[in-house]
Amino acid sequence: MEKFTEMINAIAEVMENNLPFAFPRIAVGIIFGIITAVVIIGGIKSIAVVCEKLVPFMAAFYVLGCIVILGINADYILPAILVIGIITFAYSTILGWSYYGERAAEYLLGRKAILPYKVIFTAIVVLGPVLALDLVWTIADVLNALMAIPNLVAVLLLSGVIAKETRHYLANLDEKDTTEIPVVRR
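The shown structure was predicted, so the numbers you read here are calculated from the model rather than taken from an experiment.

(A) Examining a nonpolar patch on the surface more closely. Side chains of Val142, Leu146, Ile149, Val153, Leu157, Leu158, Val161 and Ile162 sit close together on the surface and give an oily, nonpolar patch of about 740 Å² of accessible area. Checked against the element boundaries, isoleucine 149 lands in helix 6 (residues 133–171).

(B) Spatial organisation of the packing of helix 2 (residues 25–41) against helix 4 (residues 84–109). As a packed pair, helix 2 and helix 4 sit with axes 11 Å apart at the nearest point and diverge in direction by 45°. Taken as axis vectors, helix 2 and helix 4 run oblique relative to one another. The handedness of the crossing between helix 2 and helix 4 comes out as right-handed. Contact residues: Phe32, Ile35, Thr36, Val39 and Ile40 in helix 2; Ile87, Tyr91, Leu95, Ser98 and Glu102 in helix 4. Residues belonging to the contact of helix 2 with helix 4 are distributed by class as follows: seven nonpolar, two polar and one charged.

(C) Main features of the packing of aromatic side chains. Here the structure, examined in full by the defined rule, presents three aromatic pairs. Each ring, one from tyrosine 117 and one from phenylalanine 121, has its centre 5.7 Å from the other, and the planes form 45°; the classification is tilted. Of this pair, tyrosine 117 and phenylalanine 121 both sit in helix 5 (residues 114–127), separated by four residues, roughly a single helical turn. Residue class for tyrosine 117 comes out buried when judged on its relative accessible area of 10%. What makes phenylalanine 121 buried here is its relative accessible area of 0%.

(D) Summary view of the layout of surface pockets. As a volume, the largest pocket reaches approximately 640 Å³. Taken together, 20 residues form the lining of the largest pocket, with Gly101, Ala104, Ala105, Leu108 and Met147 sitting closest to its centre. Listing elements by their share of the lining of the largest pocket, those giving two or more residues are helix 4, helix 5 and helix 6. Looking at side-chain class alone, the lining of the largest pocket contains 16 nonpolar, two polar and two charged residues.

(E) Focus on the pattern of salt bridges. Tallying each qualifying case throughout the model produces seven salt bridges. Between glutamate 102 and lysine 118 there is a salt bridge, and its shortest N-O distance comes to 3.5 Å. Here lysine 118 lies in helix 5 and glutamate 102 lies in helix 4, a separation of 16 residues in the sequence. Residue glutamate 106 is joined to arginine 103 by a salt bridge in which the shortest nitrogen-to-oxygen separation is 2.5 Å. Of this pair, glutamate 106 and arginine 103 both sit in helix 4, three residues apart, which is roughly one turn of that helix. One network of salt bridges, in which partners are shared, links Glu102, Arg103, Glu106, Arg111 and Lys118.

Reading the values: the criteria
Residues numbered from 1 in each chain as written. Predicted model: local features only at pLDDT ≥ 70, side-chain atom pairs only at ≥ 80, totals over all residues. Heavy atoms only, no water. Patch = residues over 30% accessible without salt bridge, like charges linked within 9 Å, V, L, I, M, F, W, Y side chains within 5 Å. Areas by Shrake-Rupley, 256 points an atom, 1.4 Å probe, with all protein chains shown as cover. Salt bridge = Lys/Arg side-chain N within 4 Å of Asp/Glu carboxyl O. Helix = DSSP H or I, 4+ residues; strand = E, 2+ residues; numbered from the N terminus. Axes fitted to C-alpha atoms, helices over the stretch in contact; angles between N-to-C directions. Parallel < 35°, antiparallel > 145°, perpendicular 65-115°, else oblique. Left-handed = near helix turned anticlockwise from the far one by under 90°. Contact = heavy atoms within 4.5 Å. Nonpolar A, V, L, I, M, F, W, Y, C, P; charged D, E, K, R; others polar. Phe/Tyr/Trp six-rings, centres within 6.5 Å; stacked < 30°, edge-to-face > 60°. Buried < 20%, exposed > 50% of the residue type's maximum accessible area, 1.4 Å probe, protein only. 1 Å grid on protein atoms, 1.4 Å probe; cavity = no way out; pocket = protein on both sides within 12 Å on 5 of 7 lines; lining within 4 Å. Points joined across faces, edges and corners; volume = space filled by probe spheres on them.

These figures capture arrangement, not role.
Printed below as a string of structure tokens:
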């Protein structure tokens, strides 16, 4: 959940400042929160269906943006194009991260953690656009640090095994492996 707040904040920023009409950040949060809830509650198949529809548009707008950037001076780039691309890229990234986090929550806490995770994820999608950007970065930094904790614990718990296996490997560097390599014939 560390980076998607940055993405939804970016979507809100782009929609608020680059569309022909002002789009309030809370409206962005509510709209994308509702859409996200519907999509992620449907699971990976639902996420795949939505991203399958977004990715071609994202790629087309990205390529179009590159052509424009190469063709004209950067000061005159049509703002409506870096907008659709940013929104679709950021949103598909949010959906992907929701699934990664869901898998981690299920692995660490069991299936009972999936729905609360999705509710919290959706709530942050709603709140992300209205939070100050420095707060969003702080939240992302804290969540990144929290992800490091289980990794550090695992490294410490496995350090004896790693040391033992390393000693075995180094002591047997000259050992020849005589295992026959299988050949696949058609």
